[in-house]
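These are the residues of each chain, in order.
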Amino acid sequence: MHKLKVYAMIPARFGSTRLKMKNLALIDGKPMISYVINAAKESGVFDKIIVNSEHQIFKSIADRYNIDFYHRPKDLGSSQAKSDSVVANFMNAYPEGDIIVWVNPISPFQTGKEISGVINYFVKNNLD
């Protein structure tokens, strides 16, 4: 049996409508998205951690944290874009991933232990 490839997809839309640039909002001097990136890294369950955005500003953040960046089409960054379309586009770009995990960039208090617990539960119980 081959080892499953588990990828973290951190979707980061630049054009937030209710709270402008919420993914970049500073908490204790660091952008909110950085807390999620660190939690994903600390979880130890991901073969790749990828920020998925329509805006290049998030590439510099991905580079700073030594993770990957996927530049999705601009239309998938609009407020009308559906989550299913964002995920489908990402999965087409990373077909080798066996498990794609949507890691919410606006949940700065989730921990690496919580993330690994969920992923391990899904794998252990063979959930889709």
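Residues numbered from 1 in each chain as written. Predicted model: local features only at pLDDT ≥ 70, side-chain atom pairs only at ≥ 80, totals over all residues. Heavy atoms only, no water.

Caption draft 1: Local environment of the nonpolar core. Counting residues in hydrophobic clusters, the biggest one holds 24 residues, and the most contacted among them are Ile 10, Ile 33, Ile 37, Phe 46, Val 51, Phe 58 and Val 103. Residue assignment for this core shows that the elements contributing at least two residues are strand 1 (6–11), helix 1 (32–43), strand 4 (48–53), helix 2 (57–64) and helix 4 (112–124). Setting aside its immediate chain neighbours within four residues, Phe 46 contacts Val 6, Tyr 7, Ala 8, Ala 40, Val 101, Val 103, Ile 115 and Ile 119. Formed by 6 residues, the second largest nonpolar core is a distinct cluster that contains Tyr 7, Ile 50, Phe 90 and Tyr 94. (Core = buried A, V, L, I, M, F, W, Y, C linked by side-chain atoms within 4.5 Å. Buried < 20%, exposed > 50% of the residue type's maximum accessible area, 1.4 Å probe, protein only. Helix = DSSP H or I, 4+ residues; strand = E, 2+ residues; numbered from the N terminus. Contact = heavy atoms within 4.5 Å.)

Caption draft 2: Here's a closer look at the pairing of strand 4. Burial analysis of strand 4 places 5 of its 6 residues in the buried class, the great majority of the element. Sheet analysis places strand 1 next to strand 4, joined by 5 bridges and oriented parallel. Within strand 4, the residue paired with Met 9 across the bridge is Ile 50. Across 4 bridges, strand 4 lies against strand 5 (residues 68–71) in parallel orientation. Along strand 5, the bridge assignment pairs Val 51 with Phe 69. Following the chain from strand 4 across helix 2 to the adjacent parallel strand 5, one finds a crossover that is right-handed. (Pairing = 2+ DSSP bridges. Right-handed = clockwise from strand over helix to strand, strands pointing away.)

Caption draft 3: Highlighting the sheet that holds strand 1. Ordered in space as 5-4-1-6, the 4 strands form an open sheet in which the pairing is parallel. Two strands in the sheet have a free side with no partner beyond their single neighbour: strand 5 and strand 6 (99–102). The average angle at which neighbouring strand axes cross in this sheet is 30°, direction not considered. Along the sheet, helix 1 contacts strand 1 and strand 4; its crossing angle with strand 4, the most-contacted strand, is approximately 155°. (Axes fitted to C-alpha atoms, helices over the stretch in contact; angles between N-to-C directions.)

Caption draft 4: Up close: helix 2. For helix 2, every residue scored as buried is listed here: Phe 58, Ile 61 and Ala 62. Each buried residue of helix 2 lies within a common arc of 100° when the element is viewed along its axis, so the set occupies one face. Looking one or two places after helix 2, you find Asn 66, whose phi comes out positive at around 55°. (Arc of directions from axis to C-beta.)

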